[in-house]
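Letter by letter, the chains look like this.
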Amino acid sequence: MNIPFPPRPKVALLPFLIASLLAAGPGIVHATPVAPAADAEAEAESSDEVPAEPDDATSLQGVEVEGTLTEGAQDLYTDERRTTAAVTEAISAEQIARTGDSDAATTLKRVTGLSVVDGKYVFVRGLGDRYSSVLLNGAQIPSPDPTRRVIPLDLFPTELLEGVVIQKSYTADMPGEFGGGTIQLRTRGVPVGFVAKLGLGFGYDSSASFDDGLGYAGGNRDWTGFDDGARELPGALADALADGTILRPQSPTNPGGFSAAELESFGEALAAKGYAVDSDRNIKPNSNLSGALGNSFTFGDVKVGVLGALRYANSTDHFDETRNSFGVLGDGSLVQSSGLDLKRTIDNVEMSSFLSIGADLNENHRLKNTTLLLRSTEDETQLAEGFSEDPGDVSRFYELTWIENELLATQFAGEHRFPAVRDLALNWQLTLAEASRESPNTRNYRYDRNNTTNAFQFSRRSDSNATVYADLEDSSEDFSFAFKLPMMLNDETYLDLSAGAGLLRRDRASEIRRFEFGGIGPLANDPTVIGGATPDLVFTPGTIGTDGFQLREVTRGTDNYDAAQDLDALFVSGDLNWKSAYRFTLGLRHESNDQQVSTFALGGVNAPPIVAEINTDDVLPSAAFTWLYSDDAQWRASYSETLSRPEFRELSSAPFTDPLLDLETIGNPDLEPTAIRHFDLRWEYYFSYTESFSAALFVKDFESPIEKIQVPGTGSLLSLANADSATNRGIELDWFRGLGFLGDRFEHFYGAANYAWIDSEIDLGGVNEIQTNAQRALQGQSPFVANLQLGYRNADNDLEGTLLYNVFGKRISQVGVFGAPDIYEQDFHSLDFNLRRQFDDEWTLKLRLRNLLDPKVEFTQGDEITREFRRGRELGLTLEWRPTP
């Protein structure tokens, strides 16, 4: 049901009806207003004076409204953006379909003030994932990425989403960790009737498809995204290490160690997993398959809906990159310290499944269960050639990586209304989630060129090879509930009182085991041995043993950690609507947080773990004001105080590799939470219930922001520290409108544009011992982000085309140290096109063109290029069948 915008009633009917519609998903909505229907009717007619009732009038105590709504419709999400007390952006399933985007991260870059880094991590108002949070149907969820606070949003297929709401100003009902904003993902609801869909798609990538790429021998089930055991630790070795035992050789000081024969057996079994890289592998085109099936049923007075969906996608990316690094001379000029030509081939397998079951017990009580399984697997083969120290010494670096990311979440939720208690509403949810990341048998090895023969041979360096097994499990239990009591103060004023609580319990376990083959005998330096083309010809049964190479464990004492978080929250808020023109919202949230990380050494019975703790009690106020000075326009203003806590990994002294910078990073147990103050002002004008224009101003002040620093005397090792302060401010403009106002010939065209100008400055204060700039922009913040969209949809809605343009300004990727300039990721312009053609009620063909401009991705330091590559252009075709009942 489309809801137009009449003059706002001075009763609680319209807000309650809208809230019910948004909460219900597809179905029948019943609402009973508190005020008599006669008052509502008088307001709907915009009368200044309520006429006297005739003597024979019958006073109605309630009215029932029935209607069906289209889930994910643009008008509903535009309406929510207008009626909420906070500054929000909303993108519906209808809008997402126009973009043709396949995952949440890609579609969010089209929202005002949002940008995406590395195709996964969303920056809200220029603030990175440290200052962003993600909720799934209102619940906090763990991340399978051990180096990031929030879950990578490319893990969420857009096919499973009803829409996304980005809340940019804080309200007390939200988690207190709030910086740039909170991204609220909403999965699809249950259907009101039979629905079915089957989709089959193929894609072409100009940089990969049908070209030669890299690969290696994996498992027979790699195409499913599940390792079939080909990369597992060999059985005997796994058994030997199962209780945390360190692989150490037997010696007089370590009589309980492993014998030479055992180490030889373990080494031969591990080496048999293979190392050889195939550089002539033919890359196949991308493909995807999806399906959904649902229906509704009636059992007596109870209406039940069920919806299930599955999706599988297989794609390959290939990149030819240049990577350089530079040092700084005494006069401030840069000198190249390394130069590599890099080839990367990445196979991506995505699988997702979704099941939603909902029951309308009656018009006042609704229950729902949603279960979601998301999997994303990356299989990467990497070959780099060049110099890492001396330009005259050329080497080849190989890396074989397999990573399985998984999120399993099940959520139980209820919505209840109690008419006998002044229409008191109760909403609750319980979410159980587990995220995991498995990275078995990551192999790195190095070959150095012999400058005499010009032949490459296995490196004699101590860091010539490594094999790493990493495993992470992060589980959470999130329970929250909220009461809402609507109160009519008089015919023109109503007050909503809300109160609620939440509990969050998180546990994480991270384990890393590192191994290498070290030379202990003459065969390890034999030219006929190390001249083998691959380590398969170097590490053989004939060379593994006391006269050649021996397997040893080099797991660090800080590689493994356990972490836990207990967070309890209470909130109260009041929302006063006075004369349907002035709206005041006040809220207060209290959060008690107990966070602990214990880093421990395997086998270190006498070595106590390194424990870092954060115990805080925080009171977070929020206030908002809305002035609805006309039927079409309104002003908003808000103030709030929030915080940002260090993530588990950031408190642990366990080293990890930053995936964006590709640099080793260690945490800091002494980190403190960042305090943030927010100021927001926005003007909104609505041309219709789907068309709008807005202009916003925001300012954020940070106390003790967390920043990356370089550890003195370690080369490129990074750590984290609390800086003194930071400020983030900006202006946002957003416009969406049909172009029919330009004339009849433009009746079926529509346009959209948004622009965000963002400025930030951080004062590092006492933590800046080595960074070049004590005052600079926040890392990862773009000075501007812009989107343009032009679309056409014919009168029959069976043909639609959309042209989309996106650009972000250059941003600091890596902070410069010891006089070297900061490294910037340069501006990037992308142009996409989507076409949808529906042939009849059942068949639809979709065409998707991506990155049509294909500019270089470029990182610079001063006038030098540190990294550059092209992503390639993409073409996708999808055929959908939606059978009608």
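This structure is a prediction, so every number in the text was calculated from the model and none was measured. (Residues numbered from 1 in each chain as written. Predicted model: local features only at pLDDT ≥ 70, side-chain atom pairs only at ≥ 80, totals over all residues. Heavy atoms only, no water.)

(A) Expanded view of the overall build of the protein. In terms of regular secondary structure, the protein is built from nine helices and 42 strands. Across the 885 residues in the protein, those meeting the buried criterion constitute 53%. Contacts spanning at least 24 positions in sequence make up 71% of the contacts within the protein whose residues lie at least 6 apart. (Helix = DSSP H or I, 4+ residues; strand = E, 2+ residues; numbered from the N terminus. Buried < 20%, exposed > 50% of the residue type's maximum accessible area, 1.4 Å probe, protein only. Contact = heavy atoms within 4.5 Å.)

(B) Broad picture of the nonpolar core. Leu 108, Leu 153, Phe 156, Ile 183, Leu 185 and Leu 407 are the most contacted members of the largest nonpolar core, which totals 33 residues. Setting aside chain neighbours within four positions, we find Phe 156 in contact with Ser 102, Asp 103, Ala 104, Leu 136, Ile 141, Ile 151, Leu 185, Leu 372, Leu 374 and Leu 407. (Core = buried A, V, L, I, M, F, W, Y, C linked by side-chain atoms within 4.5 Å.)

(C) Representation of the pattern of salt bridges within the structure. Under the defined criterion, the tally for this structure stands at 63 salt bridges. Ionic pairing is found between Asp 360 and Arg 366, a salt bridge with its closest N-O pair at 2.7 Å. A residue is classified by how much of its surface remains accessible, and Asp 360, at 18% relative accessible area, is buried. Between Glu 591 and Arg 589 there is a salt bridge, and its shortest N-O distance comes to 2.8 Å. Judged by relative accessible area, Glu 591 falls into the buried class, the value being 1%. Assessed through its relative accessible area of 9%, Arg 589 is described here as buried. Connected through salt bridges with shared partners, the residues Arg 81, Glu 89, Arg 125, Lys 168, Arg 636, Asp 680, Arg 682, Glu 684 and Glu 732 form a single ionic network. (Salt bridge = Lys/Arg side-chain N within 4 Å of Asp/Glu carboxyl O.)

(D) Spotlight on the packing of aromatic side chains. The full count for this structure, using the stated rule, is 32 aromatic pairs. Geometrically, the ring pair formed by Tyr 131 and Phe 702 is edge-to-face, given 5.1 Å between the ring centres and 65 degrees between the ring planes. One end of the pair, Tyr 131, is in the loop between strand 3 (121-124) and strand 4 (132-136); the other, Phe 702, is in strand 28 (residues 692-703), and 571 residues separate them in sequence. Side by side, Tyr 131 and Phe 702 carry an identical accessibility label, which is buried. Linked through ring pairs, Tyr 275, Tyr 398, Tyr 445, Tyr 447, Phe 458, Phe 517, Phe 539 and Phe 549 together constitute an aromatic cluster. The aromatic ring of Phe 226 is capped on one face by Arg 375, whose charged end is 3.7 Å from the ring centroid. In this structure, Arg 737 is placed above the aromatic ring of Phe 687, and the distance from its NZ or CZ to the ring centre is 4.2 Å. (Phe/Tyr/Trp six-rings, centres within 6.5 Å; stacked < 30°, edge-to-face > 60°. Lys NZ or Arg CZ within 6 Å of the ring centre and 35° of its normal.)

(E) Spotlight on a negative patch on the surface. On the surface, Glu 232, Glu 434, Glu 438, Asp 471 and Glu 473 cluster together into a negatively charged patch. Within the secondary structure, Asp 471 sits in strand 18 (residues 465-490). Judged by its relative accessible area of 31%, Asp 471 is partly exposed. (Patch = residues over 30% accessible without salt bridge, like charges linked within 9 Å, V, L, I, M, F, W, Y side chains within 5 Å. Areas by Shrake-Rupley, 256 points an atom, 1.4 Å probe, with all protein chains shown as cover. Lys, Arg positive; Asp, Glu negative; His and termini not counted. Charge placed at Lys NZ, Arg CZ, Asp CG, Glu CD.)

(F) Molecular detail of the pairing of strand 11 (residues 286-299). Of the strand pairs in this sheet, strand 8 (residues 195-205) and strand 11 are connected by nine bridges, and their pairing is antiparallel. Within the sheet, the bridge partner assigned to Gly 203 lies in strand 11 and is Asn 286. Where strand 11 and strand 12 (residues 302-328) come together, 13 bridges link them in antiparallel fashion. Considered in strand 12, the bridge of Ser 287 is made with Asn 314. Counting the residues that bridge the hairpin from strand 11 to strand 12 gives two residues, and of these Gly 300 lies at a positive phi of roughly 70 degrees. (Pairing = 2+ DSSP bridges.)

(G) Expanded view of the side chain of Arg 231. With respect to the helices, strands and loops of the structure, Arg 231 is situated in the loop between strand 9 (212-215) and helix 6 (235-241). For Arg 231, the side chain forms a polar contact with the side chain of Tyr 216, separated by 3.2 Å. A polar contact is formed between the side chain of Arg 231 and the side chain of Asp 227, at a distance of 2.8 Å. (Polar contact = N/O pair within 3.5 Å; in protein donor to acceptor, adjacent residues only side chain to side chain.)

(H) Geometry of the side chain of Thr 866. By the secondary structure assignment, Thr 866 is in strand 41 (residues 864-870). Judged by its relative accessible area of 8%, Thr 866 falls in the buried class. Ignoring any residue separated from it by four or fewer positions in sequence, one finds Thr 866 in contact with Thr 322, Arg 323, Asn 324, Phe 326, Ile 823, Phe 859, Thr 860 and Gln 861.

(I) Unusual backbone geometry, seen in detail. Phi is positive for Arg 125, close to 55 degrees, though the residue is something other than glycine. The residue Arg 125 is located in the loop between strand 3 and strand 4 in this model. A positive phi angle, near 55 degrees, is found at Asn 441, a position not held by glycine. Its place among the elements puts Asn 441 in strand 16 (residues 424-449).

(J) Geometry of the confidence of the model for the protein. Looking at the protein, pLDDT values average 86 and 89% of them are 70 or higher. Overall, residues 1-54 carries pLDDT values under 50, and its contacts beyond four positions in sequence, including any with other chains, amount to 108 contacts. Low confidence marks residues 57-68, where pLDDT is under 50. Its contacts with residues over four positions away, or in another chain, come to 25 contacts. (pLDDT = per-residue confidence, 0-100.)

(K) Broad picture of the sheet that holds strand 1 (residues 88-92). A sheet is described by the order of its strands in space; here five strands give the open sequence 1-6-7-4-5, paired in mixed fashion. For this open sheet the edge positions go to strand 1 and strand 5 (139-140), each flanked by a neighbour on one side alone. Two elements, strand 1 and strand 6 (residues 161-167), share five bridges in a ladder whose sense is antiparallel. Note that in strand 6 the partner of Thr 88 across the bridge is Gln 167.

(L) Summary view of helix 7 (residues 260-271). Counted at 1.5 Å a residue, the expected span for helix 7 with its 12 residues is 16 Å, and the 16 Å between its end C-alpha atoms agrees. Buried residues of helix 7: Leu 263, Phe 266, Gly 267, Leu 270 and Ala 271, and no others. Angular distribution of buried residues about the axis of helix 7 spans 125 degrees; they occupy a single face of the element. Turning to helix 7, the residues buried within the fold contact helix 6, strand 18, strand 19 (493-519) and strand 20 (549-553). (Expected span 1.5 Å × (residues − 1). Arc of directions from axis to C-beta.)

(M) Main features of the pairing of strand 35 (residues 799-808). Of all the 10 residues making up strand 35, seven are buried; the element is thus mostly covered by neighbouring parts of the structure. In this sheet, strand 38 (residues 828-838) lies alongside strand 35 in antiparallel orientation, the contact comprising 10 bridges. Of the residues in strand 38, the one forming a bridge with Val 807 is His 829.

(N) Fine view of helix 3 (residues 74-83). Burial runs high along helix 3: 10 of the 10 residues are buried. Listing the buried residues of helix 3 in full gives Gln 74, Asp 75, Leu 76, Tyr 77, Thr 78, Asp 79, Glu 80, Arg 81, Arg 82 and Thr 83.

(O) Structural view of empty space enclosed by the protein. Counting across every chain of the model gives eight cavities of 30 Å³ or more. Size it by volume and the largest cavity reaches roughly 440 Å³. Lining the largest cavity are 26 residues, with Ala 90, Gln 95, Arg 110, Asp 734 and Phe 736 positioned closest to its centre. If one sorts the elements of the lining of the largest cavity by residue count, helix 3 sits on top with four residues. Split by residue class, the lining of the largest cavity holds 11 nonpolar, 10 polar and five charged. (1 Å grid on protein atoms, 1.4 Å probe; cavity = no way out; pocket = protein on both sides within 12 Å on 5 of 7 lines; lining within 4 Å. Points joined across faces, edges and corners; volume = space filled by probe spheres on them. Nonpolar A, V, L, I, M, F, W, Y, C, P; charged D, E, K, R; others polar.)

(P) Expanded view of the environment of Thr 802. Relative to the helices and strands, Thr 802 is located in strand 35. For Thr 802, a relative accessible area of 1% corresponds to the buried category. C-alpha of Thr 802 to C-alpha of Gln 789: the two residues are 13 residues apart in sequence and 6.9 Å apart in space. Looking at Thr 802, its side chain comes within polar contact range of the main-chain oxygen of Arg 98, at 3.5 Å. A polar atom in the side chain of Thr 802 sits 3.2 Å from the side chain of Tyr 750.

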